[in-house]
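Coordinate inspection notes
Residue strings, one per chain:
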2 protein chains.
Amino acid sequence: MLAEFDLIRRYFMSSQEATTASNGVALGCGDDATLLVPQAGQQLVVSVDTSVVDVHFPRAAPAFAVGHRALAVALSDLAAMGATSRWCLMALTFDQRQFEDDAAAHAWFADYARGFHSLRQQHETTLAGGDVTAGELSIGVTVMGEIPPGEALTRSGAKADDLIAVTGALGGGAGGLALWKQGERDLTHPLLQRYLLPEPRLAAGIALRGLASAALDISDGLLADLTHLREASQVGALLDVDALPLADGLVHGLGQKAAQQAALSGGDDYELLVTLAADDVAEAQQRLARLGLNLTVIGRCRETLGVSTTDQRDVSGYAGWQHFNGETP
Amino acid sequence: MLAEFDLIRRYFMSSQEATTASNGVALGCGDDATLLVPQAGQQLVVSVDTSVVDVHFPRAAPAFAVGHRALAVALSDLAAMGATSRWCLMALTFDQRQFEDDAAAHAWFADYARGFHSLRQQHETTLAGGDVTAGELSIGVTVMGEIPPGEALTRSGAKADDLIAVTGALGGGAGGLALWKQGERDLTHPLLQRYLLPEPRLAAGIALRGLASAALDISDGLLADLTHLREASQVGALLDVDALPLADGLVHGLGQKAAQQAALSGGDDYELLVTLAADDVAEAQQRLARLGLNLTVIGRCRETLGVSTTDQRDVSGYAGWQHFNGETP
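Here's what I pulled together on the structure shown here.

Criteria and thresholds
Residues numbered from 1 in each chain as written. Chains lettered and ligands numbered in written order. Predicted model: local features only at pLDDT ≥ 70, side-chain atom pairs only at ≥ 80, totals over all residues. Heavy atoms only, no water. Least-squares fit on C-alpha atoms with pLDDT ≥ 70 in both. Axes fitted to C-alpha atoms, helices over the stretch in contact; angles between N-to-C directions. Helix = DSSP H or I, 4+ residues; strand = E, 2+ residues; numbered from the N terminus. Left-handed = near helix turned anticlockwise from the far one by under 90°. Contact = heavy atoms within 4.5 Å. Nonpolar A, V, L, I, M, F, W, Y, C, P; charged D, E, K, R; others polar. Phe/Tyr/Trp six-rings, centres within 6.5 Å; stacked < 30°, edge-to-face > 60°. Buried < 20%, exposed > 50% of the residue type's maximum accessible area, 1.4 Å probe, protein only. Pairing = 2+ DSSP bridges. 1 Å grid on protein atoms, 1.4 Å probe; cavity = no way out; pocket = protein on both sides within 12 Å on 5 of 7 lines; lining within 4 Å. Points joined across faces, edges and corners; volume = space filled by probe spheres on them. Buried area = accessible area lost by both parts, 1.4 Å probe. Salt bridge = Lys/Arg side-chain N within 4 Å of Asp/Glu carboxyl O.

**A word on the relation of the copies chain B and chain A**
Between the two copies, chain B and chain A, the superposition gives an RMSD of 0.0 Å; the rotation angle is 180 degrees and the shift along the axis is 0.0 Å. On the angle and the small slide along the axis, the relation comes out as a two-fold axis.

**Side note on the packing of helix 2 (residues 63-81) of chain B against helix 3 (residues 102-122) of chain B**
Residues and elements named next belong to chain B. Running from N to C, helix 2 and helix 3 cross one another at 35 degrees; their axes reach a closest spacing of 6 Å. Considering only the axes of helix 2 and helix 3, their crossing is right-handed. The residues of helix 3 that touch helix 2, namely those facing Ala63, Phe64, Val66, Gly67, His68, Leu71, Ala72 and Leu75, are Trp108, Asp111, Tyr112, Arg114, Gly115, Phe116, Ser118, Leu119 and Arg120. Looking at the contact of helix 2 with helix 3 residue by residue, the classes come out as 10 nonpolar, four polar and three charged.

**Section: the packing of aromatic side chains**
Residue and element names in this part refer to chain A. Summed over the entire model, instances satisfying the criterion amount to 14 aromatic pairs over all chains. Summarising the aromatic geometry, the rings of Phe94 and Trp108 are spaced 5.4 Å apart at their centres and angled 40 degrees between planes, so their arrangement reads as tilted. On the criterion of sequence distance, the pair formed by Phe94 in strand 4 (residues 84-94) and Trp108 in helix 3 (residues 102-122) is long-range, its members being 14 residues apart. Among the residues examined, Phe94 registers a relative accessible area of 3% and is labelled buried. By relative accessible area, Trp108 is classed as buried at 14%. With a centroid separation of 6.3 Å and 55 degrees between ring planes, the pair formed by Phe109 and Tyr112 is classed as tilted. With Phe109 and Tyr112 both in helix 3, this residue pair falls three residues apart, about one helical turn. Across the pair, exposure class does not vary: Phe109 and Tyr112 are buried alike.

**Things to note about the sheet that holds strand 3 (residues 43-52) of chain A**
In space, the six strands of this open sheet follow the order 5(A)-4(A)-6(A)-3(A)-2(B)-1(B), with mixed pairing throughout. Each edge of the open sheet is held by one strand with a lone partner, namely strand 5 (126-134) of chain A together with strand 1 (25-27) of chain B. Each strand of the sheet is rotated relative to its neighbour by a mean of 25 degrees, with strand direction disregarded. Relative to strand 5 of chain A, strand 4 of chain A runs parallel, the two being bridged by eight bridges. The residue of strand 5 of chain A that forms the bridge with Trp87 of chain A is Thr126 of chain A. Packing of helix 3 of chain A onto the sheet brings it into contact with strand 4, strand 5 and strand 6 (138-147) of chain A, and relative to strand 4 of chain A it is tilted by some 165 degrees.

**A closer look at the side chain of Asp95 of chain B**
Summarising the element assignment, Asp95 of chain B is placed in the loop between strand 4 (84-94) and helix 3. With residues near it in sequence (within four places) discarded, Asp95 of chain B still touches Gly135 and Glu136 of chain B.

**Thoughts on empty space enclosed by the protein**
Scanning all chains against the criterion turns up two cavities of 30 Å³ or more. There is about 120 Å³ of room inside the largest cavity. Along the walls of the largest cavity sit 17 residues, with Thr50, Ala91 and Gly140 of chain A together with Ala91 and Gly140 of chain B positioned nearest its centre. The set of elements that each furnish at least two residues to the lining of the largest cavity consists of strand 3, strand 4 and strand 6 of chain A together with strand 3 (43-52), strand 4 and strand 6 (138-147) of chain B.

**A short note on the sheet that holds strand 6 of chain B**
Read from one edge to the other, the open sheet built from six strands follows the order 1(A)-2(A)-3(B)-6(B)-4(B)-5(B), with strand pairing classed as mixed. Taken across any chain shown, the strands that pair with only one partner, and hence form the sheet edges, are strand 1 (25-27) of chain A together with strand 5 (126-134) of chain B. Sheet twist, expressed as the mean angle between neighbouring strand axes with direction ignored, is 25 degrees. One ladder, built from 10 bridges, connects strand 3 of chain B with strand 6 of chain B; its direction is antiparallel. Its bridge partner being in strand 6 of chain B, Val48 of chain B is matched across the sheet by Thr142 of chain B. Where helix 2 of chain B meets the sheet, it contacts strand 1 and strand 2 (34-36) of chain A together with strand 3, strand 4 and strand 6 of chain B, and its direction lies at approximately 30 degrees from that of strand 6 of chain B. Contacts between helix 3 of chain B and the sheet are confined to strand 4, strand 5 and strand 6 of chain B, with strand 4 of chain B contributing the most and set at about 165 degrees to the helix.

**Side note on unusual backbone geometry**
All names here are of chain B. Phi is positive for Asp161, close to 80 degrees, though the residue is something other than glycine. Assignment of secondary structure puts Asp161 in the loop between strand 6 and strand 7 (163-167). Although it is not a glycine, Asp268 adopts a positive phi angle of roughly 60 degrees. Considering the arrangement of structural elements, one finds Asp268 in the loop between helix 9 (256-265) and strand 10 (272-276).

**Side note on the interface of chain B and chain A**
Facing the 52 residues of chain B at the interface are 52 residues of chain A. The junction of chain B with chain A conceals about 3,700 Å² of combined surface from both sides, 61% of it contributed by carbon and sulfur atoms. In this assembly, chain B and chain A are joined by four salt bridges. Looking at the side of chain B that touches chain A, the elements that each hand over two or more residues are strand 1, strand 2 (34-36), strand 3, helix 2, strand 4, strand 5, strand 6 and strand 8 (212-217) of chain B. If one sorts the elements of the side of chain B that touches chain A by residue count, strand 3 of chain B sits on top with nine residues. In this sheet, strand 2 of chain B lies alongside strand 3 of chain A in antiparallel orientation, the contact comprising three bridges. Residue Leu44 of chain A lies in a different strand from strand 2 of chain B, and its bridge partner there is Leu36 of chain B.

**Points about the pairing of strand 7 of chain B**
All names here are of chain B. Of all five residues making up strand 7, five are buried, and the element is well covered by its neighbours. Of the two faces of strand 7, the one lined by Leu163, Ala165 and Thr167 and the one lined by Ile164 and Val166 are each fully buried. As paired strands, strand 7 and strand 10 are joined by four bridges and run antiparallel to one another. Bridge pairing in strand 10 links Val166 to Leu273.

**Some points on the pattern of salt bridges**
Evaluation of the coordinates by the stated rule reveals 26 salt bridges over all chains. With a shortest N-O distance of 3.3 Å, Asp32 of chain B and Arg155 of chain A are connected by a salt bridge. Placement of the pair is Asp32 of chain B in the loop between strand 1 and strand 2 and Arg155 of chain A in the loop between strand 6 and strand 7 (163-167), with the two residues belonging to separate chains. For Asp32 of chain B, a relative accessible area of 6% translates into the label buried. Residue Arg155 of chain A is classed as buried on the basis of its relative accessible area of 14%. One salt bridge connects Arg194 of chain B with Glu271 of chain B, and the closest N-O pair in it is separated by 2.8 Å. Residue Arg194 of chain B is located in helix 5 (residues 190-196), and its partner Glu271 of chain B is located in the loop between helix 9 and strand 10; the two are separated by 77 residues in the primary sequence. In terms of burial, Arg194 of chain B and Glu271 of chain B fall into one category: buried.

From the geometry alone we can't say anything about function, so treat these as descriptive.
Structure below.
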């Protein structure tokens, strides 16, 4: 039986950064709470996301991907606000009875920690707290970022005639899940990477400060998330379905029609959906190009509420992605 | 089937405080993340705690108590640091299949929210984010407090000859659990209250700033938590077992010997364990008396590492409380 303290010490506290002024840690993990030093004059940007086995990711997903993904989906919320990520807290619930023996549990845990820490370090995010408990596998990640007052991207700033754009490519989350259910297990497959190892668009969110009039991340699917943005901003939208940037391999894997459908209503893409004035699009595209990322205009906001598409398809029925939807693959 | 958005809107966003300068919220729930405004010059104090059904609380516990308790155990970590609680985030994982129908699920959820919110409001803690997911019942609570630099109580400041003291009374958590397992369900029973509705000692922690040389909260049991303090401070301890303040009803319920044992090694008490210089004890007791709380001296730190008791009992075998330890009551 693995002890909670040992696991935390071995896989989390040991890989933690030291207490330094630059990472804003005045007292690190190991006490009842952690002491952080926010930068003067910045607002804190906070969010929490839980990833549950068989709901948000398949039970057989590689542990590395489970750790990466749990942090990625939480960081994606900071990206959507344009925030700079600073700290995270990780609450892991973990069922030892799923493993043959302690060695198997340790191997899983080490791989999980590698996935979590490598993404965390890539985004200069310091682990500021954690908890490990016994139970069905689930990871709750709280993320904390900073942003100067007035610069946060919100869902409510879109205006009629603003253009609608997305970073990167869509449909990869749904396409990867479809492949996974068909038995594909090669993690180098681009669609499986999109599903299991999503990249939070933090640099893009920061680059879009001062340009995007509204933003959110696409976790529930383009149409569902566009609805959140439309409702918060009180605008309608006209989407150009043929303009949707499709994830690499998506048309090959699913065919043109299903690929477009995945881009419209699939979820787990973790791209940013933004609105901007037409005059700002070129500047935004240049800034994102420097990050190696496309920004594709896919539609336009309008005064008339509701959403329609250039090809007149019925898009009324998309309530949102149900993630892994409870089925065991 | 209850939808996540509806639950959050109905039971959490509606009871949320408005965006105001006084609660430090610049943009409330409903966007991808929440914007908070920390007070200038303060350190942030952060911690996360997960409460899992059948591990930390019984499945049949009243929903009100589940909500109260999940927040209380997290706030207790802020109390142990002497912090002022400011904000919390709540990640609820919730299994609808446990309920007969939607009405039963709504009733549970409403009662849970009442327990969570009433404690939250009592401690002027603003809900700054949340997530509701499907799965085995579990609640992850991230708490965020503030404290002036240099004033936090830590585990590492105890010195030889400091006195060891505890707030309130001990053994109530273990006593309440024992009663619960015997079938007691009357929530007005003082021991059941101690187990199911613990009170985080936030005001006491703040009152002890500048006086306590070290502090932590008793969640794993006095001996186990004293070990954490001793290891962090590199001191030993001599405990006076007859001085332990026993929870109301504990001797009556368990007998003298088991009551002392519960106070020594039971967990879930959420009292503060502190060390202070002998000269500071009277002042600390006066400050806590103003809060209606006792501070009882129960021992003394010493240079010789390890722990012993005035009655020479063997206290080497207490690795710590296993909470609800996985058994279904």
